[in-house]
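# Notes for the structure review
Letter by letter, the chains look like this.
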Amino acid sequence: MYLSSIPMRSGFLISPSYPDCFRLGFLPNGKTRSVGVVSRRRRSPRASLSSDPLLIQAARENAVSRPPAWMMRQAGRYMAVYRKLAEKYPSFRQRSETIDLIVEISLQPWRAFRPDGVIIFSDILTPLPAFGVPFDIHEVRGPIIQSPICDEEGLKCLHPIDLDKLQFVGESLKILHGEVGNKAAVLGFVGAPWTIATYIVEGGMTRTYTTIKRMCHTAPHVLKALLLHLTQAISDYIIFQVKSGAQCIQIFDSWGGQLPPNVWEQWSKPYIKQIVSSVRKECPQTPLVLYINGNGGLLERMTETGVDVIGLDWTVDMADARRRLGSSVNVQGNVDPAYLFSPHPVLTDEIHRVVKCAGRKGHILNLGHGVLVNTPEEAVAHFFDVVRSLSYDTLFEDDMATKELEPLSTL
């Protein structure tokens, strides 16, 4: 389903144009029909059992009947049941670090909407205290790190990650895996080194990232040491999550999109690539997803990290992303979260458009960002109802290229 000019079997050629996610094929009788684009895979999909959750099969590029779907920020303030629980337990740290609460919140959207992925309720900063960086979360200001690391002295507080301090994450994943079985994939997640470093260096949230960007030039040896330490800690944390029951891991480089592409190449990509390499050695069958907010200028570079799936934000056209990424990386996304505030028929049409542009293989349907506060729950329910009703065979019933035709070896 990617842009290509591969010659097809006698009587059929694929046109080089690519309007509206499909291209025109010429049949022996001279008539035309629109078909999906044939992909040229550079690697074989990894083995997948039919009993594996649909999301895992799609992430491994196996043929599935429809796209699996989940949502970023799947559990949260848009759900009345979550808000009620949050009133009883007002501390986010308590909600995200107490096993019973983690499991309950993670399962709230599973019970309500039956997504194909159940993501653990946690935070990308959750592991920080386990390697020497305490933090607090203020309801208004967000994360606060009292002692930012900006020099060699600050690095002295760091130590190897103590996974015993994260047993609440491991136990929660085990319980979630038992609860959903093979009906959905259990998802874990981490922050990428650059994104985690922005909080540690800036001392919390920032709109400008000036401190850490300046550090790239004024104290590069300190920043590199911090990123290397984070790389090892995050790698260990991913492996811990997988061994605890996570079947797929999403890496959030949330603030990577704030960097110019050449700077991201130097200060983020190598560390993500190293994480992928380390995890592959221990957990070779676990799909890894990389999401960067504002990643339109980074797509081609993201593929070089070695992840299985590239998450797209909603500002990237799905068909364009498929062309740019080529045939070796699967995609996730990328419905604009604002569509969940639209009339249901409009949301339905947008889901169909995104799925058709993504093609019938290697696509996990998601939003292009997290669920927005005040999103109507009935819209989320409709989103998943539409997805479950989809059939690739129906959506691509005119697609002869992948099933009936083979490339010509010679013309």
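Refer to the preceding data block for the structure.
Bear in mind that the values here come from a model prediction, so they are computed numbers and not experimental data.

Procedures and definitions
Residues numbered from 1 in each chain as written. Predicted model: local features only at pLDDT ≥ 70, side-chain atom pairs only at ≥ 80, totals over all residues. Heavy atoms only, no water. 1 Å grid on protein atoms, 1.4 Å probe; cavity = no way out; pocket = protein on both sides within 12 Å on 5 of 7 lines; lining within 4 Å. Points joined across faces, edges and corners; volume = space filled by probe spheres on them. Helix = DSSP H or I, 4+ residues; strand = E, 2+ residues; numbered from the N terminus. Phe/Tyr/Trp six-rings, centres within 6.5 Å; stacked < 30°, edge-to-face > 60°. Buried < 20%, exposed > 50% of the residue type's maximum accessible area, 1.4 Å probe, protein only. Lys NZ or Arg CZ within 6 Å of the ring centre and 35° of its normal. Expected span 1.5 Å × (residues − 1). Contact = heavy atoms within 4.5 Å.

In the structure shown here, the tally under the stated rule is three cavities of 30 Å³ or more. The volume enclosed by the largest cavity comes to roughly 60 Å³. Lining the largest cavity we find Ile124, Pro127, Leu128, Phe131, Ile161, Val190, Gly191, Ile196, Ala233, Ile234 and Tyr237. When residues of the lining of the largest cavity are traced back to their parent elements, those giving at least two are β6 (185–191) and α9 (220–244). In terms of residue count, α9 provides more of the lining of the largest cavity than any other element does, three residues in total.

So, about the packing of aromatic side chains. Here the structure, examined in full by the defined rule, presents eight aromatic pairs. Residues tyrosine 209 and tryptophan 255 carry aromatic rings whose centres are separated by 5.9 Å and whose planes lie at 50 degrees to one another, so their mutual orientation is tilted. A residue pair is termed long-range when its members are at least 10 positions apart, and tyrosine 209 in the loop between α7 (193–202) and α8 (210–218) and tryptophan 255 in the loop between β7 (248–252) and α10 (261–267) qualify at 46 residues. The pair formed by tyrosine 209 and tryptophan 255 is uniform in burial state, with each residue classed as buried. Pairwise contacts between aromatic rings join Tyr82, Phe92 and Phe121 into one cluster. Positioned over the ring face of phenylalanine 135 is arginine 93, at 4.2 Å from the centre of the ring.

In an α-helix there are 3.6 residues to a turn, and that puts residues three or four apart on one side. The end-to-end C-alpha distance of helix α11 (residues 269–282), which contains 14 residues, comes to 21 Å, matching closely the 20 Å that a straight helix rising 1.5 Å per residue would cover. The secondary structure elements touched by the buried residues of α11 are α7, α9, β7, α10, β8 (288–291) and α12 (299–303).

What follows concerns helix α6 (residues 167–180). Helix length check: α6, at 14 residues, gives a terminal C-alpha distance of 20 Å against a target of 20 Å (1.5 Å per residue), a fit within 8%. Burial in α6 covers these residues: Phe168, Val169, Gly170, Ser172, Leu173, Leu176 and Val180. Residues of α6 that are buried make contact with α3 (92–97), α4 (99–113), β3 (117–119), β6 and α9. Looking one or two residues beyond α6, the residue adopting positive phi is glycine 181, at roughly 60 degrees.

Structural measurements only, silent on function.
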